[in-house]
Amino acid sequence: MKISVIGSGYVGLVAGACFAESGNSVICVDIDEAKIEGLKNGIIPIYEPGLKEMVLRNFADGRLSFTTDIEAAVKSSLINFIAVGTPPGEDGSADLKYVLGVAATIGKHMQGYKIIVDKSTVPVGTADKVRSAIQNELDARGTGLEFDVVSNPEFLKEGAAIDDFMKPDRVVIGTDNVRTAEIMKELYEPFMRKNNRMIVMDIRSAEMTKYAANAMLATRISFMNQIANLCERMGADVTAVREGIGSDSRIGYDFLFPGPGYGGSCFPKDVKALVKTAEECSYDFLLLKAVEEVNERQKGVLSSKVRNLIGSGSDKSLQGKTIACWGLAFKPRTDDMREAPSLTIIEDFLAAGATVKAHDPEALKEAKHYFGDRITYSHNQYEILAGADALVIITDWSEYRNPDFDRMLTELKTPLVVDGRNLYKPVKMKESGFDYVPLGRCAGGISQGAR
């Protein structure tokens, strides 16, 4: 099929590359000329395992192309995916100006039947607005061209997006037209060869499904973080609790790891947007408001632990202290730092007077946009430990799971490890000579709560 994907950011580029990989002719469109030129020259603007190789392969084979000419892309494509950003407004609602701007442009240039697919994460009712924006342009042109609008939310995990797209848990198609549903089924058929996981529903339900999924996952994270905080105060071990509740098939183990809070481009934005959508319907979504509040508080837990342990004076100042941080991205296998817990944690350290040194396998370049020269960066995870009063683990990259503990002891000025991801065994760390402070667990039998 001939497809255009308008918006060559994270979702658009992954979708375009994967559709091309299955044999379609795909045009990725973006208004950013520098980005398009870079893509033509093999420069991928985001880090996602496997994406660069897939883009280069399909570009070389002629199935994937890049352009800023949206008019030509729309005219030559049957299916037009809208994959532009929906940044949160000041009130938390999703800003639809880019989505509706693309819709109007499609209406201005389409010359035959088109399927317009909302791939961006959008509030319930957006498809109606997209339809109106297109129809208004067609009316202004005095033409009665037919088109259909589809909701096709993405469920990609950063760091595993290629696998998620090529072998999806499910593909949700929101449409009220049987013909359109059959075309979308044909498009996704190559990804359904082992098991048909296509779910067709009405448009509004499809739009809600995306928000509901992310809100549920965010809720599980905040819930487990609250359990971890309570475990510390009660002398329980959150890892044992997770095993105990996760073994229940009704609950499962996923998204029950305590940590410094959720971040990224989806959960924070989508939780806010769903709360705002509820308010517009005169409904007070108390649960999600609590999820959001818990998450914001959780981002301050690690810095609070460090200040309580090595801070001085009544204000727990970190003046003269050096803090080493492992992990900056909001999760492993990505360079994305949007709403990352590290942003809050490091700002807390800086505000308390600390010197901060940081390592991340992929996000150092991105981190410089946030911190500039206020912190020290290194591509060597051990180099930043030299002379540090504490090591704080923020992101659970695989590089941190089995490090050289002897070298860590040698480099650290004080063998204090505050582990926001519970990567190590407390007893072993204590026996090795570390003052180990995990989340929701006892370090060598001593509770490490509000100490």
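Everything here concerns the structure above.
What you see is a predicted model; the values in this text were computed from it and never measured.

Quick notes on the overall build of the protein chain
The helix and strand tally for the protein chain stands at 17 helices and 16 strands. For the protein chain, the C-alpha radius of gyration of 24 Å lies close to 22 Å, the compact-globule estimate for 451 residues. Taking contacts inside the protein chain between residues at least 6 apart in sequence as the whole, the part at least 24 apart equals 72%. Of the roughly 19,800 Å² that the protein chain leaves accessible, carbon and sulfur atoms contribute 50%.

A few points about the packing of aromatic side chains
Considering all chains together, one arrives at 16 aromatic pairs under this definition. Ring centres 6.2 Å apart and planes at 45° place the aromatic pair Phe 255 and Phe 267 in the tilted group. Taken together, the positions of Phe 255 in the loop between helix H10 (238-246) and helix H11 (267-280) and Phe 267 in helix H11 put the pair 12 residues apart, joining distant regions of the chain. Between Trp 326 and Tyr 400, the ring centres sit 4.8 Å apart and the planes meet at 20°, which makes this aromatic pair stacked. Highlighted residues: Trp 326 in strand S9 (residues 322-326) and Tyr 400 in the loop between strand S12 (390-393) and helix H16 (405-411), separated in sequence by 74 residues. The exposure class assigned to Tyr 400 is buried, which follows from its relative accessible area of 0%. Chaining the aromatic ring pairs together yields one cluster made of Phe 19, Phe 81, Phe 165, Tyr 188 and Phe 191. Geometry around Phe 155 places Arg 170 over its ring, the cationic atom sitting 3.7 Å from the centre.

Section: the pattern of salt bridges
All chains considered together, the criterion is met by 29 salt bridges. Residue Glu 146 is joined to Arg 179 by a salt bridge in which the shortest nitrogen-to-oxygen separation is 3.7 Å. Note that Glu 146 is positioned in the loop between helix H6 (126-141) and strand S6 (147-151) and Arg 179 in helix H8 (residues 178-188), a separation of 33 residues in sequence. Note that Arg 401 is salt-bridged to Asp 396, the shortest N-O span being 3.4 Å. For Arg 401, a relative accessible area of 44% gives the class partly exposed.

Here we look at helix H5 (residues 97-109)
With 13 residues, H5 extends 18 Å from end C-alpha to end C-alpha; this agrees with the ideal 18 Å at 1.5 Å per step. Taken together, the buried positions of H5 are Val 99, Val 102, Ala 103, Ala 104, Ile 106, Gly 107 and His 109. Buried-residue contacts for H5 involve strand S1 (2-6), helix H4 (70-76), strand S4 (79-82), strand S5 (114-118) and H6.

Things to note about the packing of helix H9 (residues 203-234) against helix H12 (residues 286-298)
With their axes 9 Å apart at the nearest point, H9 and H12 run at an angle of 55° to one another. Here H12 runs oblique to H9, going by the angle between their axes. Crossing of H9 against H12: the hand is left-handed. Across from Ala 215, Ala 218, Thr 219, Ser 222, Asn 225, Gln 226 and Asn 229 in H9, the residues of H12 making contact are Leu 288, Val 291, Val 294, Asn 295 and Gln 298.

Considerations on the sheet that holds S9
Spatially, the six strands line up as an open sheet ordered S11-S10-S9-S12-S13-S14, and their pairing is parallel. Strands at the two margins of the open sheet, each flanked by one partner only, are strand S11 (376-378) and strand S14 (435-437). Adjacent strand axes in the sheet meet at a mean angle of 20°, parallel and antiparallel pairs treated alike. As defined by bridge partners, strand S10 (residues 355-359) adjoins S11 across three bridges and the pair is classed as parallel.

Observations concerning the packing of H6 against H9
Where H6 meets H9, the axes come as close as 9 Å, and the angle between the chain directions of the two elements is 125°. Taken together, the axis directions place H6 and H9 in an arrangement best described as oblique. Contacts between H6 and H9 involve Thr 126, Ala 127, Asp 128 and Arg 131 from the first element and Ile 203, Arg 204 and Glu 207 from the second. In terms of residue class, the contact of H6 with H9 is made up of two nonpolar, one polar and four charged.

Focus on the pairing of S1
By the criterion of burial, S1 is predominantly enclosed, with four of the five residues buried. For the crossover that starts at S1, traverses helix H1 (residues 10-21) and ends in the parallel strand S2 (residues 25-29), the hand is right-handed.

What about the environment of Glu 37?
Structurally, Glu 37 is set in helix H2 (residues 33-40). For Glu 37, a relative accessible area of 43% translates into the label partly exposed.

A closer look at the pairing of S6
Of all five residues making up S6, five are buried, and the element is well covered by its neighbours. Alternating positions in S6 separate into two faces, Phe 147, Val 149 and Ser 151 on one and Asp 148 and Val 150 on the other, with burial throughout. Crossover handedness for the path S5 to H6 to S6: right-handed.

What counts as what
Residues numbered from 1 in each chain as written. Predicted model: local features only at pLDDT ≥ 70, side-chain atom pairs only at ≥ 80, totals over all residues. Heavy atoms only, no water. Helix = DSSP H or I, 4+ residues; strand = E, 2+ residues; numbered from the N terminus. Rg over C-alpha atoms; globule rule 2.2 N^0.38 Å. Contact = heavy atoms within 4.5 Å. Areas by Shrake-Rupley, 256 points an atom, 1.4 Å probe, with all protein chains shown as cover. Phe/Tyr/Trp six-rings, centres within 6.5 Å; stacked < 30°, edge-to-face > 60°. Buried < 20%, exposed > 50% of the residue type's maximum accessible area, 1.4 Å probe, protein only. Lys NZ or Arg CZ within 6 Å of the ring centre and 35° of its normal. Salt bridge = Lys/Arg side-chain N within 4 Å of Asp/Glu carboxyl O. Expected span 1.5 Å × (residues − 1). Axes fitted to C-alpha atoms, helices over the stretch in contact; angles between N-to-C directions. Parallel < 35°, antiparallel > 145°, perpendicular 65-115°, else oblique. Left-handed = near helix turned anticlockwise from the far one by under 90°. Pairing = 2+ DSSP bridges. Nonpolar A, V, L, I, M, F, W, Y, C, P; charged D, E, K, R; others polar. Right-handed = clockwise from strand over helix to strand, strands pointing away.

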